[in-house]
Amino acid sequence: MSDFLREFLLVLLFGLLAFGVVGLFIGIASILRPDRPTTGKVENYESGVDPVGTGWSQSQIRYYIFALLFVMFDVEAVFIFPWATRLEAYGWFGLVEMTIFIFILALGLAYAWRKGVLRWV
Amino acid sequence: MLSLTTSTVAAEFAYWQTSGFKLLMAFVAVLIPAGTTVYLYLFKMVSFMQSRLGPMEAGPYGSLQLLAELGKNAQKEDIVPARADVLVFKLAPYVVLLSTFLLVLVVPWGPDAVFADFDTGIFFALAVSSVSVIGILMAGWASASKYSLLGGLRAAGQLIAYELPLVLAVVGVVIQAGTLNMQGIVAAQIEGEIFGWGAIGNPFILTQIVGFLIFMVAVQAELTQVPFDMPIAESELVSGYMTEYSGFRFLMFFIGEFATANIFAFLAAVLFLGGWGVPPFVADALFADGNYSQWMNVIGPLVMATKMLALTFIIYWVRFTYPRFREDQLQTFAWKYLIPISLVNIAVTGFLKVVL
């Protein structure tokens with residue numbers, strides 16, 4: 001296996017470590033803790049009164065437009081990072097190029113702002 | 001001139017040996033700073049700010065309070081709501097801690113003292129920091145409770161809004177350093193000069209003060225710390241997405257939150273305060289014999305811990321000082337102020353980089 005892949009193998013190992021740590025803690029606790037579920041205890045908490053309907057009640061997801069804007073700017077960031085590392089080599093050409101790119105995206109944000117979708121209602 | 005090249009390690013170790021040691025150290029690097037800041041700031045500093053003593057019974061000055069809390073939580077019954085989606089409910093704390101442990105992977109502690117020296121280190125860190133959103137949404141949805149669902153949805157809305165200023169604030173640093181590699185960013189700050197004067201290097205907090213402020217505000221929001229704690233607002237949502245969790249599962253969210261706070265402080269120290277480096281005039285005086293990089297492997301983690309404690313102090317200071325933002329104010333602040341300011345910051349940094 002190449003050194004490059006070996007280094008990225010650590011991502012997997014650290015992920016397993018995280019699962020191992022949580023599993024270990026909860027495992028230790030499972031030896032110590034009592035386990036007597038009663039009907040009252042496993043009821044959902046709703047400030048002391050009996051829960052109304054199911055837990056997954058209809059609720060308004062307000063940030064549909066925000067999610068779209070987020071994707072737009074996140075993709076922008078993917079383009080900006082490689083540019084940022086090479087800016088010295090690109091010089092003025094790179095700077096003007098990226099300024100136009102950011103300007104167009106900022107225009108999108110300004111349009112959304114003007115349309116009033118950035119208001120959390 | 002100090003040499004920052006990687007020194008040769010005398011003994012050769014097998015892959016499983018170094019990896020095993022790294023895993024052990026990762027365990028230490030996540031849990032020890034978390035315990036330290038929770039005791040020092042969350043238990044003691046806030047108490048002194050509020051004219052009370054805080055924990056005093058367990059150990060001298062309550063210093064063993066954390067162990068007492070651990071014991072208390074270990075004895076609590078693990079309640080899973082009858083209506084909950086059990087598998088997702090139980091998996092959520094794992095996903096939250098997964099994000100924390102992957103974040104610590106790229107933090108450099110010294111010239112050789114690194115877990116993994118990725119070429120795209122900071123990019124990796126920004127990517128895995130958003131894994132915790134999935135864990136929080138899982139917790140909020142699977143609990144089948146109205147408070148949890150509202151808290152989880154609020155958390156998702158807040159985290160995606162503040163992810164952007166966080167990412168864009170880092171771009172300024174990347175432009176100045178010219179690399180995404182964490183060691184490269186540290187080296188750029190140690191070897192940097194302020195108009196030809198290199199006694200303190202060039203910590204990017206001086207040139208990227210706007211980026212630093214945006215980064216710290218975004219970190220505060222990413223951690224759902226007060227004043228950005230709408231997702232767990234205890235006076236209206238009980239405890240948000242953590243409402244139905246008890247005992248050690250709840251503690252896992254708690255550890256995840258505070259360990260991540262430290263690791264973000266470590267990242268901010270690397271990006272803006274020069275990471276494990278000490279000012280070159282100090283290093284020149286102390287390590288004239290040329291053993292600089294060997295010494296820094298030992299001193300580096302302590303330097304990092306010092307900078308981390310200074311930055312987490314700010315996080316907790318703000319946490320215990322300001323009242324909570326309203327949900328619409330919180331979104332407005334991110335979209336109408338922080339994102340435009342960080343875009344301007346990128347443009348100005350790029351312009352100055354090309355001109356100077």
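Computed from a predicted structure; not experimentally measured.

**Section: the overall build of chain A**
If you tally the helices and strands in chain A, you get four helices and zero strands. For chain A, the sequential pattern of α-helices and β-strands runs α-α-α-α. In terms of overall dimensions, chain A is more spread out than a globule: its C-alpha atoms have a radius of gyration of 25 Å, far above the 14 Å expected for 121 residues. In terms of principal-axis extent, the alpha carbons of chain A reach across some 70 × 50 × 20 Å. Going through the 121 residues of chain A one by one, you find that 32% of them count as buried. For chain A, contacts bridging at least 24 residues in sequence account for 52% of all contacts bridging at least 6. Carbon and sulfur atoms make up 67% of the accessible area of chain A, which amounts to about 8,000 Å² in all. A distance of 7 Å separates the average location of the 9 positive side-chain charges in chain A from that of its 10 negative side-chain charges.

**Re the packing of helix α9 (residues 209-222) of chain B against helix α14 (residues 327-355) of chain B**
Each packed pair of helices is defined by two parameters, the angle between the axes and the distance between the axes. Residues and elements named next belong to chain B. Interhelical geometry of α9 versus α14 gives an angle of 150 degrees and a closest axis separation of 10 Å. As the angle between them shows, α9 and α14 are arranged roughly antiparallel. Two packed elements cross with a definite hand, and for α9 against α14 that hand is left-handed. Contacts between α9 and α14 involve Val210, Gly211, Ile214 and Val217 from the former and Phe333, Leu338, Ile341, Ser342 and Asn345 from the latter. In terms of residue class, the contact of α9 with α14 is made up of six nonpolar, three polar and no charged.

**Focus on the pattern of salt bridges**
Tallying each qualifying case throughout the model produces seven salt bridges over all chains. Here B:Lys353 ties to A:Glu88 by a salt bridge, and the two come within 3.7 Å at their closest N and O atoms. Taken together, the positions of B:Lys353 in helix α14 and A:Glu88 in helix α3 (residues 87-90) put the pair across two chains. Taking the relative accessible area as the measure of exposure, A:Glu88 reaches 62% and is therefore exposed. B:Arg319 is paired through a salt bridge with B:Glu257; the nearest N and O atoms lie 3.7 Å apart. Of this pair, B:Arg319 sits in helix α13 (residues 292-319) while B:Glu257 sits in helix α11 (residues 247-272), and the two are 62 residues apart along the sequence. The same class applies to B:Arg319 and to B:Glu257, which are both buried. What emerges from the salt-bridge pattern is a single network uniting A:Arg33, B:Asp78 and B:Arg249.

**So, the interface of chain A and chain B**
By a widespread convention, an interface's size corresponds to the accessible area lost as its parts come together. Residue-level contacts link 66 residues of chain A with 77 residues of chain B. Ranking the residues of chain A by area buried against chain B places A:Phe14, A:Trp56 and A:Phe81 at the top, with a combined share of 12%. Joining chain A to chain B, the criterion identifies two salt bridges. The residue B:Asp78 makes a salt bridge to A:Arg33 at a minimum N-O spacing of 3.7 Å. Here chain A and chain B share one residue pair in polar contact (both at pLDDT 80 or more) between them. Take the side of chain A that touches chain B: its biggest share by element is 19 residues, from helix α1 (residues 3-32) of chain A. Partitioned by chemical class, the residues of the side of chain A that touches chain B number 44 nonpolar, eleven polar and eleven charged.

**Some details on the side chain of B:Thr243**
Relative to the assigned elements, B:Thr243 resides in the loop between α10 (234-237) and α11. Ignoring any residue separated from it by four or fewer positions in sequence, one finds B:Thr243 in contact with A:Tyr45, B:Tyr147, B:Ser148, B:Leu237 and B:Val238.

**Remarks on unusual backbone geometry**
Residues and elements named next belong to chain B. In the Ramachandran plot, Tyr61 falls in the positive-phi region, its phi being about 55 degrees despite a non-glycine side chain. Mapping Tyr61 onto the fold places it in the loop between α1 (15-49) and α2 (65-74). Located in the positive-phi region is Ala144, a residue other than glycine, with phi close to 55 degrees.

**Considerations on the environment of B:Gly192**
All names here are of chain B. With respect to the secondary-structure elements, Gly192 resides in the loop between α7 (182-191) and α8 (204-207). Each C-alpha atom of the pair Gly192 and Asp119 lies 20 Å from the other, and the pair is 73 residues apart in sequence. Ignoring anything within four residues of it in the chain, the contact list for Gly192 reads Ala187, Gly198, Gly201 and Asn202.

**Considering the packing of α9(B) against α13(B)**
All names here are of chain B. As a packed pair, α9 and α13 sit with axes 11 Å apart at the nearest point and diverge in direction by 60 degrees. Judged by the inter-axis angle, α9 sits oblique to α13. In this structure, α9 crosses over α13, and the sense of that crossing is right-handed. Where α9 approaches α13, its residues Phe212, Met216, Val219 and Gln220 are matched on the opposing element by Leu311, Ile315, Val318 and Arg319. Tallied by class, the residues present in the contact of α9 with α13 amount to six nonpolar, one polar and one charged.

**With respect to the packing of aromatic side chains**
Residues and elements named next belong to chain B. In total, this model carries 24 aromatic pairs over all chains according to the counting rule given. Relative to Tyr316, the ring of Tyr41 has its centre 5.6 Å away and its plane inclined at 35 degrees; by these criteria the two rings are tilted. Residue Tyr41 is located in helix α1, and its partner Tyr316 is located in helix α13; the two are separated by 275 residues in the primary sequence. Tyr316 carries the same exposure label as Tyr41, and that label is buried. Where Phe254 meets Phe258, the ring centres are 4.6 Å apart and the plane angle is 55 degrees; that geometry is what we call tilted. With Phe254 and Phe258 both in helix α11, this residue pair falls four residues apart, about one helical turn. Residue class for Phe258 comes out buried when judged on its relative accessible area of 2%. Through successive ring pairs, a cluster of aromatic residues spans Tyr41, Phe254, Phe258, Phe313, Tyr316 and Trp317.

Definitions and cut-offs
- Residues numbered from 1 in each chain as written.
- Chains lettered and ligands numbered in written order.
- Predicted model: local features only at pLDDT ≥ 70, side-chain atom pairs only at ≥ 80, totals over all residues.
- Heavy atoms only, no water.
- Helix = DSSP H or I, 4+ residues; strand = E, 2+ residues; numbered from the N terminus.
- Rg over C-alpha atoms; globule rule 2.2 N^0.38 Å.
- Buried < 20%, exposed > 50% of the residue type's maximum accessible area, 1.4 Å probe, protein only.
- Contact = heavy atoms within 4.5 Å.
- Areas by Shrake-Rupley, 256 points an atom, 1.4 Å probe, with all protein chains shown as cover.
- Lys, Arg positive; Asp, Glu negative; His and termini not counted.
- Charge placed at Lys NZ, Arg CZ, Asp CG, Glu CD.
- Axes fitted to C-alpha atoms, helices over the stretch in contact; angles between N-to-C directions.
- Parallel < 35°, antiparallel > 145°, perpendicular 65-115°, else oblique.
- Left-handed = near helix turned anticlockwise from the far one by under 90°.
- Nonpolar A, V, L, I, M, F, W, Y, C, P; charged D, E, K, R; others polar.
- Salt bridge = Lys/Arg side-chain N within 4 Å of Asp/Glu carboxyl O.
- Buried area = accessible area lost by both parts, 1.4 Å probe.
- Polar contact = N/O pair within 3.5 Å; in protein donor to acceptor, adjacent residues only side chain to side chain.
- Phe/Tyr/Trp six-rings, centres within 6.5 Å; stacked < 30°, edge-to-face > 60°.

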